[in-house]
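Overview (structure and organization)
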Protein chains: 2
Amino acid sequence: MAMATSPHALLLKNPNLTPLKNPNFNNPITTTNTNTRFNLTTKPISIKCAATSQTQTPIQAPLQTQSHQDRVFNFAAGPATLPEKVLLKAQSELYNWRGSGMSVMEMSHRGKEFLSIIQKAESDLRTLLNISDDYSVLFLQGGATTQFAAIPLNLVNPNDTVDFIVTGSWSDKAFKEAQKYSKPSTIWSGKSEKYTKIPSFHDLEQNPDAKFLHICANETIHGVEYKDYPSPKNGLLVADMSSNFCSKPVDVSKFGLIYAGAQKNVGPSGVTIVIIKKDLIGNAQEITPVMLDYKIHADNKSLYNTPPCYGIYMCGLVFEDLLDQGGLVEVEKKNKKKAEILYNAIDGSNGFYRCPVEKSVRSLMNVPFTLEKSELEAEFIKEAAKENMVQLKGHRSVGGMRASIYNAMPLAGVEKLVAFMKDFQARNA
Amino acid sequence: MAMATSPHALLLKNPNLTPLKNPNFNNPITTTNTNTRFNLTTKPISIKCAATSQTQTPIQAPLQTQSHQDRVFNFAAGPATLPEKVLLKAQSELYNWRGSGMSVMEMSHRGKEFLSIIQKAESDLRTLLNISDDYSVLFLQGGATTQFAAIPLNLVNPNDTVDFIVTGSWSDKAFKEAQKYSKPSTIWSGKSEKYTKIPSFHDLEQNPDAKFLHICANETIHGVEYKDYPSPKNGLLVADMSSNFCSKPVDVSKFGLIYAGAQKNVGPSGVTIVIIKKDLIGNAQEITPVMLDYKIHADNKSLYNTPPCYGIYMCGLVFEDLLDQGGLVEVEKKNKKKAEILYNAIDGSNGFYRCPVEKSVRSLMNVPFTLEKSELEAEFIKEAAKENMVQLKGHRSVGGMRASIYNAMPLAGVEKLVAFMKDFQARNA
């Protein structure tokens with residue numbers, strides 16, 4: 001449902017979302033509209049806690065179209081767009097979670113209410129990815145960047161060899177941080193080809209005594225994504241899945257450890273999810289900060305200290321939404337369709353638009369592209385923003401444009417972008 | 001205003017909160033009520049994204065009293081109660097932040113909208129605590145527990161001596177983690193007296209070459225709080241202020257470093273604030289994980305990687321609310337009044353209630369107490385919960401009860417607790 005062709009259509013099509021009488025106009029409106037009573041301000045205002053100043057006007061406003069008009073299509077690489085249904089749900093219970101008399105933000109992390117939230121989030125994630133009991137699921141803090149240190153600190157000794165495939169900026173950062181706690185070596189790098197490729201696995205020469213092989217499953221900046229995964233001859237497979245986590249089914253049993261920052265596909269920033277084979281836990285180096293020790297968090301079910309409770313709650317709402325959609329098989333179909341439309345528009349532009357990434361490994365999540373006439377790129381981004389399509393500027397290290405089309409980007413957003421691209425080309429070819 | 005005698009009174013008394021016509025009943029209601037249309041469910045329900053199922057009934061419900069009835073007084077030690085005004089504000093703009101077309105949870109941390117949020121949060125915190133430009137203010141992740149490692153890793157070398165005053169569980173945890181990265185010594189411990197005291201500073205014998213003196217300004221579990229601060233003869237003063245941060249004015253210039261988890265007085269869990277003298281930054285040990293290196297975060301204004309954006313936004317709303325109240329001088333007056341009422345009730349109970357903490361160092365934030373008839377404690381907690389006063393159970397390591405009365409606990413909450421205590425005593429003396 002979250003992929004319906006517009007936020008409005010989403011609500012009309014969703015059997016769960018029944019129309020609500022508009023007390024002012026006596027015509028049916030949707031929850032979106034009801035909720036948007038509280039967020040129709042159209043320009044920044046002082047937030048001197050004048051909490052009600054926005055809550056009156058909207059009731060007079062044409063609610064039917066307001067949400068549709070106000071919502072932009074946000075192509076940011078992360079934090080990124082979230083499912084509208086999830087945002088409305090979160091808004092509806094922000095002030096008082098299901099009669100508990102408090103916000104999720106106010107709950108003791110050891111109270112029964114929050115325990116029910118984190119346990120359901122874990123259980124739904126296990127269902128989505130079919131995670132067996134051989135694996136622990138941890139909800140941590142600090143982003144993937146903290147895991148760049150935690151992984152070698154927990155899995156190997158300082159003199160152990162570990163292998164890295166470097167397909168972009170993120171796998172390179174992971175490699176560099178691992179130098180502090182292990183002996184990493186880059187067994188393949190795409191740098192000379194500007195990170196547009198992924199190697200064929202049978203050509204890979206792993207170090208004979210490598211304890212693990214680290215990959216970045218999807219490079220957010222460069223837009224290269226693994227379509228299948230290497231089976232390391234030596235050691236374990238460890239993957240940073242930050243930017244394609246829960247975008248498609250994954251055979252978790254092939255991995256020793258999977259980690260992901262939440263802020264692309266599954267929630268707000270501030271939550272990092274680690275899925276680790278239980279028999280790898282408990283061997284942290286002595287210098288490991290207690291908060292980077294997987295054993296501490298596994299033994300305490302992610303509650304050794306206060307976790308990022310609200311972020312975990314939001315992830316839980318997203319997991320439920322993904323299950324409602326039919327799980328990751330259905331989600332992947334939608335993501336493939338969105339990506340196909342966009343890549344076809346680029347490839348069918350007779351070179352007006354260009355994607356540098358090798359076709360076989362193009363990301364379904366992050367689509368970098370450039371203009372043949374690069375002098376027009378700033379204008380492209382400016383005009384798109386006027387059309388409520390924002391955050392299309394490419395990463396400074398790559399330039400050009402980048403459209404991040406994560407799970408929560410509606411098909412309508414991609415269709416609108418493609419229509420704009422064709423129009424822009426017609427006017428500037 | 002946040003300290004008004006009831007959520008309802010708060011709204012009526014607050015000039016910023018103007019009444020809103022109730023479209024159903026034609027009588028004036030308040031924003032609280034408008035907002036609580038979305039959260040009146042009185043028992044847990046499935047969250048299969050039936051986002052609207054709760055949004056209809058409330059409109060038929062007696063809105064006038066609903067918020068007052070639904071809101072509990074939450075005495076949790078953290079995460080803890082937040083200002084009702086702040087929650088309503090956050091709810092009103094969760095779905096669309098001030099016409100940006102997106103939620104704060106969806107914003108790129110490098111976009112102009114979020115930059116305005118984090119910059120204003122820092123600027124308001126600097127105003128509240130009168131923080132000079134000699135100090136960096138960092139918004140980090142991982143809780144105080146991560147700082148237990150980051151502090152020695154950033155400030156000293158592995159063989160350096162550092163001093164700790166251990167006044168409770170938290171300063172003891174900080175001491176133990178410091179053993180991995182320095183040579184800490186406990187120059188005073190209250191353990192033998194069950195952590196009910198704070199030493200007199202002139203008796204303290206610091207190590208002659210100690211690089212810093214670490215204290216915990218308020219022990220959340222044991223309820224002992226520094227009323228003034230030692231001036232270390234040797235080295236710097238470093239303070240964990242997690243549970244009394246922004247509860248009163250503090251002379252920041254006396255400290256080398258102040259750190260605090262947000263989830264007691266200033267926001268949701270998942271944000272850790274570090275205030276550090278700039279000349280202490282840049283000397284991290286080689287083994288320091290990049291995410292624990294203060295220089296990385298200071299050089300990148302807390303945006304080296306994706307910060308906990310929504311939590312920082314919530315802290316910003318709380319800082320504004322504290323400024324609206326007149327700043328920390330006014331906030332401290334309210335906190336002193338609340339604590340005085342509660343401690344007087346305990347001390348005036350002829351021993352029915354007992355607080356073990358030495359009077360001169362009793363915390364304004366966390367009030368532990370026991371019953372002379374300890375067999376009645378479970379009943380006390382149970383009956384209080386029936387009266388919508390929750391999370392009063394003492395920490396398992398101490399037992400008894402604990403009332404955490406942070407900034408956002410209304411005076412009405414403490415008054416209600418005290419009235420209940422007297423009634424309970426009358427019925428059980």
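Residues numbered from 1 in each chain as written. Chains lettered and ligands numbered in written order. Predicted model: local features only at pLDDT ≥ 70, side-chain atom pairs only at ≥ 80, totals over all residues. Heavy atoms only, no water.

1. Things to note about the overall build of chain A
A count of helices and strands for chain A gives 13 helices and 14 strands. Counting all 429 residues of chain A, 66% fall into the buried class. The contacts in chain A between residues at least 6 apart in sequence include a share of 66% that link residues at least 24 apart. Counting every atom, chain A has about 15100 Å² of accessible surface; 51% of that belongs to carbon and sulfur. (Helix = DSSP H or I, 4+ residues; strand = E, 2+ residues; numbered from the N terminus. Buried < 20%, exposed > 50% of the residue type's maximum accessible area, 1.4 Å probe, protein only. Contact = heavy atoms within 4.5 Å. Areas by Shrake-Rupley, 256 points an atom, 1.4 Å probe, with all protein chains shown as cover.)

2. Quick look at the environment of valine 250 of chain A
All names here are of chain A. Here valine 250 is to be found in the loop between β8 (236–240) and β9 (257–261). Assessed through its relative accessible area of 13%, valine 250 is described here as buried. Residues valine 250 and leucine 237 lie 13 residues apart in sequence; the distance between their C-alpha atoms is 13 Å. Excluding residues that lie within four positions of it along the chain, valine 250 makes contacts with Leu129, Tyr229, Met241, Phe255 and Ile258.

3. Thoughts on the sheet that holds strand β8 (residues 236–240) of chain B
Residues and elements named next belong to chain B. Across the sheet, which stays open at both edges, the seven strands sit in the order β4-β10-β9-β8-β7-β5-β6 with mixed pairing between neighbours. Because the sheet does not close on itself, it has two edges, and the strands there are β4 (135–140) and β6 (183–189). Taken over all neighbouring pairs, the strand axes of this sheet differ in orientation by 15° on average, direction set aside. With respect to the sheet, helix α8 (residues 169–178) is in contact with β5 (161–166), β6, β7 (212–216), β8 and β9 (257–261), its orientation differing from that of β5 by roughly 160°. (Pairing = 2+ DSSP bridges. Axes fitted to C-alpha atoms, helices over the stretch in contact; angles between N-to-C directions.)

4. Notes on the domain arrangement of chain A
Residue and element names in this part refer to chain A. When its domains are assigned, chain A resolves into domain 1 (73–77 + 327–427) and domain 2 (84–325). Once you take the C-alpha centre of each, domain 1 and domain 2 turn out to be 26 Å apart. Counting residues at the interface gives 26 residues for domain 1 and 25 residues for domain 2. Between domain 1 and domain 2 lies a buried interface of about 2100 Å² when both sides are counted; carbon and sulfur atoms form 56% of it. When residues of domain 1 are sorted by the area they lose upon contact with domain 2, Leu328, Val361 and Asn407 head the list and together hold 26% of the total. Across the contact surface, domain 1 and domain 2 share zero salt bridges. (Domains from an automatic or database assignment. Buried area = accessible area lost by both parts, 1.4 Å probe. Salt bridge = Lys/Arg side-chain N within 4 Å of Asp/Glu carboxyl O.)

5. Focus on the sheet that holds strand β11 (residues 353–354) of chain B
Residues and elements named next belong to chain B. The sheet built from three strands is open, its strands ordered β11-β12-β14 with antiparallel pairing. Looking along the sheet, the strands with just one partner apiece sit at the ends: β11 and β14 (401–404). Lying over the sheet, helix α11 (residues 328–347) contacts β11, β12 (366–371) and β14, oriented at roughly 15° with respect to β12. Across the sheet, helix α12 (residues 377–386) touches β11, β12 and β14, and the angle it forms with β12 is around 125°.

6. Overview of the side chain of glutamate 377 of chain A
Residue and element names in this part refer to chain A. Within the element layout of this structure, glutamate 377 appears in helix α12 (residues 377–386). No salt bridge is formed by the buried glutamate 377; the nearest opposite charge belongs to lysine 393, separated by 7.7 Å. In this structure the side chain of glutamate 377 is engaged in a polar contact, spanning 2.9 Å, whose partner is the backbone nitrogen of leucine 371. (Lys, Arg positive; Asp, Glu negative; His and termini not counted. Polar contact = N/O pair within 3.5 Å; in protein donor to acceptor, adjacent residues only side chain to side chain.)

7. Examining the packing of aromatic side chains
Residue and element names in this part refer to chain A. Counted by the stated rule, this structure contains 33 aromatic pairs over all chains. With centroids separated by 5.8 Å and ring planes inclined at 75°, the aromatic side chains of phenylalanine 164 and phenylalanine 175 adopt a geometry described as edge-to-face. Here phenylalanine 164 is found in strand β5 (residues 161–166), whereas its partner phenylalanine 175 is found in helix α8 (residues 169–178), with eleven residues between them in sequence. Judged by its relative accessible area of 2%, phenylalanine 164 falls in the buried class. Taking relative accessible area as the criterion, phenylalanine 175 reaches 14% and is therefore assigned buried. (Phe/Tyr/Trp six-rings, centres within 6.5 Å; stacked < 30°, edge-to-face > 60°.)

8. A word on the pairing of strand β12 (residues 366–371) of chain A
All names here are of chain A. Judged by how many residues are buried, β12 sits mostly within the fold: five of six residues are covered. Bridging between strand β11 (residues 353–354) and β12 involves two bridges; their strand directions are antiparallel. Bridging across to β12, tyrosine 353 finds its partner in leucine 371. By the bridge criterion, four bridges tie β12 to strand β14 (residues 401–404) in an arrangement that is antiparallel. Within the sheet, the bridge partner assigned to phenylalanine 369 lies in β14 and is methionine 401.

9. Section: the confidence of the model for chain A
Detailed reading of the predicted coordinates is not advisable wherever pLDDT is low. Scored by pLDDT, chain A comes out at a mean of 87, with 84% of its residues at no less than 70. Reported confidence for the predicted complex is 0.86 by ipTM and 0.87 by pTM. (pLDDT = per-residue confidence, 0-100.)

10. Quick look at the UniProt feature "domain: Aminotransferase class V" (unreviewed entry) in chain A
Under the local residue numbering, the UniProt record ascribes the feature "domain: Aminotransferase class V" (unreviewed entry) to residues 72–417 of chain A. As annotated, residues 72–417 of chain A comprises 32% helix and 16% strand, and the C-alpha atoms at either end are separated by 12 Å. (UniProt positions renumbered as here; feature names shortened; annotations may be inferred.)

11. Thoughts on the pattern of salt bridges
Counted according to the given criterion, the structure contains 44 salt bridges over all chains. The shortest N-O distance in the salt bridge between lysine 295 of chain A and aspartate 299 of chain A comes to 2.6 Å. Of the two residues, lysine 295 of chain A and aspartate 299 of chain A are both situated in helix α9 (residues 294–299); the distance of four residues between them amounts to about one turn of the helix. The salt bridge partner of lysine 227 of chain B is glutamate 225 of chain B, with a shortest N-O separation of 3.4 Å. Relative accessible area serves as the criterion here: at 41%, lysine 227 of chain B is assigned to the partly exposed category. A relative accessible area of 0% places glutamate 225 of chain B in the buried class. Taken together, the salt bridges that share partners define one network made up of Lys89, Glu93 and Arg98 of chain A.

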